[in-house]
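# Fold and geometry: a report
Take a look at the letters that make up each chain.
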Amino acid sequence: MSARQYTHFIDGRFDASADAHVERKAPATGEIVARFASGQIGDMDRAVAAARAAFDKGPWPSMSGMERAEILNKYADLVRANFDRLVRIEVEEVGKPIRFARGDISGVVGLIRYAASLALQMAGTTYTNLGAGKTAMIMREPVGVVGLITPWNFPALILSQKVPFALAAGCTVVVKPSEFTSGSALELAALATEAGVPAGVFNVVTGKGSVVGQHLTEHPGIDFISFTGSTQVGQTVIEASARNVVKTSMELGGKAANIVFADADLDAAVDGALMGVFFNNGECCVSGSRLFVETSIADEFIKRVAQRSAQLKVGNPFDEDTDIGAMIDEKHFNKVLEFVRSGVDEGATLLTGGAAAKSGSGHFVEATIFDHVAPSMTIFKEEIFGPVLSVTRFDTVDEVIELANSSIYGLSNYVWSKNIDTVLTVTKRLKSGWVQANTIIDGAPQLPLSGVKGSGFGYEMGQAGFEEFTQLKTLFIHTGPRQPVFAR
Ligand code: NAD
């Protein structure tokens, strides 16, 4: 198998060549699967100039919503037609199990179709009740040229929580995907262009975050930065964008609580505990990586979770029955194992896993569960981003709410109980943008995702996510005779 060769996608086409490349080795095999152009400042300048021209002079922002929706639906059709190819790219570059990669690309199609429907509904408000001769229109307009920076864990899906919504609003975009997993972003830009998105509207520049990512966030040609990634890098992006007073939206890290009450459907909750931490190799911002179990059911429940975890299949992500694939790279693999060591050193009880899993030459970690995890321990506080679950027992609602909310993050939380009173009481007291009850890491394009506290601000998906890519302009009109203010 030969490695895919990519150049930047700027102004409607791939560059003819690239001066330097970033090599991507498949995390599951170590084999080189792709080479991406290693972007420089000048490449980013070209992409921003193309997006700026396409917004200021091009047809895209002034097209009717119907025309944009038609093109976006054609784009969704092309993604569907290239489904297997895109799935393969995600599995190779990320190391995620193929069944989850299929879910990602189906999700991409759904997000584009939903965004297309929003293009038809972009509307403002009119006031006719302000007094004689007074009318006001609050017009909704595209925000302009958007810089989008994405992480490596869901390359196509997270890009599609942003780009189709931006395009539906009439914006033009410059995407800087993760240097590890840029393949699907480039493929999606080419497919959107094939569907009829005009040149310059959807640009992708690949390369290092510290070079092209940083330059994008500092660029005076950008009107809005939409960032998904770590809280640490998010902070530098906010600082950089402040220099040009540019609006930002931040989708950052998480450390969700997955709370199981004694009256829950325990079979469903056991599966939910596994899904919460092992989905996408545990490399997931909304992982339910802190499991809280009510003491009265804890021993039996935790035993079941540990037994099931020990049976999970870790290895080749292309195998249909693989549950956990490879960590994104060796550095991250070592970091996850360091967290595991800290759990042992700080006195948590290792129930299962805790070591590298042996499977070919890739970087695999066993499904790992720690019991009796105290709030002072590193594994309780830090986002591990791997298949490592920490379990803590609780007795009262007050106690579990305090434990759940003690995190610096506030992205998502989960509750398992058959009692609607418990579900609603707990939901209202949890500090996070997302709460799910009796399900986990579920979603739909209509439902916004957002963080609070260290998990960021701004919305992604849903009507609110669409509106992030718009801004309001208020027109106040006076008709008929106007009473003079300065009569003399
Ligand atoms: P990261 O912060 O290291 O990188 C994210 C992106 O930022 C990459 O494209 C990177 O190249 C770029 N970047 C790096 N330095 C930059 C700089 N100085 N200026 C501009 N851009 C720069 O994150 P990651 O390791 O790719 O992804 C994992 C993190 O993302 C985790 O913390 C996870 O929780 C978070 N995440 C959050 C969400 C969410 O929706 N809230 C979703 C997925 C992942």
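Because the structure is a prediction, the values reported are computed rather than measured. (Residues numbered from 1 in each chain as written. Predicted model: local features only at pLDDT ≥ 70, side-chain atom pairs only at ≥ 80, totals over all residues. Heavy atoms only, no water.)

### A look at the domain arrangement of the chain
Our working definition: Residue ranges labeled as domains rest on an automatic or database domain assignment. Pairs of residues are marked as contacts when any of their non-hydrogen atoms sit within 4.5 Å. Once two parts are joined, some of their accessible surface, as seen by a 1.4 Å probe, is lost; buried area is that loss totalled over both. Here, a salt bridge means any side-chain nitrogen of Lys or Arg that lies within 4 Å of a carboxyl oxygen of Asp or Glu. The definition of a polar contact used here is a pair of N or O atoms within 3.5 Å, where within protein one atom must be able to donate a hydrogen and the other to accept one, and adjacent residues in sequence count solely through side-chain atom pairs. Secondary structure counts use DSSP, requiring at least four H or I residues in a row for a helix and at least two E residues in a row for a strand, with both numbered from the N terminus. Classes in brief: Ala, Val, Leu, Ile, Met, Phe, Trp, Tyr, Cys and Pro nonpolar; Asp, Glu, Lys and Arg charged; the others, Gly included, polar.
Assigned domains of the chain: these are domain 1 (4-252 + 451-474) and domain 2 (257-437). One C-alpha centre belongs to domain 1, the other to domain 2, and the line joining them spans 31 Å. Listed per partner, the contact involves 30 residues of domain 1 and 33 residues of domain 2. In total, about 2500 Å² of surface goes out of reach between domain 1 and domain 2, with carbon and sulfur atoms giving 58% of it. Considering only the surface of domain 1 that becomes buried against domain 2, Phe-100, Trp-152 and Lys-453 emerge as the three largest contributors, covering 21% of it. The tally of links from domain 1 across to domain 2 stands at two salt bridges. Between Asp-323 and Arg-99 there is a salt bridge, with the nearest N and O atoms lying 2.6 Å from each other. One can count 20 residue pairs in polar contact (both at pLDDT 80 or more) joining domain 1 with domain 2. When residues of the side of domain 1 that touches domain 2 are traced back to their parent elements, those giving at least two are α3 (83-94), α4 (98-119) and β24 (452-453). Of the residues forming the side of domain 1 that touches domain 2, the biggest block, five residues, is contributed by α3. Split into classes, the residues belonging to the side of domain 1 that touches domain 2 amount to twelve nonpolar, nine polar and nine charged.

### Quick word on the pattern of salt bridges
Selection criterion: For the exposure calls, accessible area comes from a 1.4 Å probe over protein chains only, and a residue counts as buried if that area is under 20% of its type's maximum, exposed if over 50%, partly exposed in between.
This structure, assessed with the given rule, holds 27 salt bridges. Here Arg-46 and Asp-43 are joined by a salt bridge, their closest N and O atoms 2.9 Å apart. Linking Arg-46 with Asp-43, this pair stays in helix α1 (residues 41-56), spanning three residues, or about one helical turn. With relative accessibility at 16%, the residue Asp-43 sits in the buried group. The shortest N-O distance in the salt bridge between Glu-179 and Lys-176 comes to 3.1 Å. We classify Glu-179 as partly exposed; its relative accessible area is 24%. Salt bridges here are not isolated pairs; linked through shared partners, they connect Arg-4, Arg-88, Glu-92 and Glu-93.

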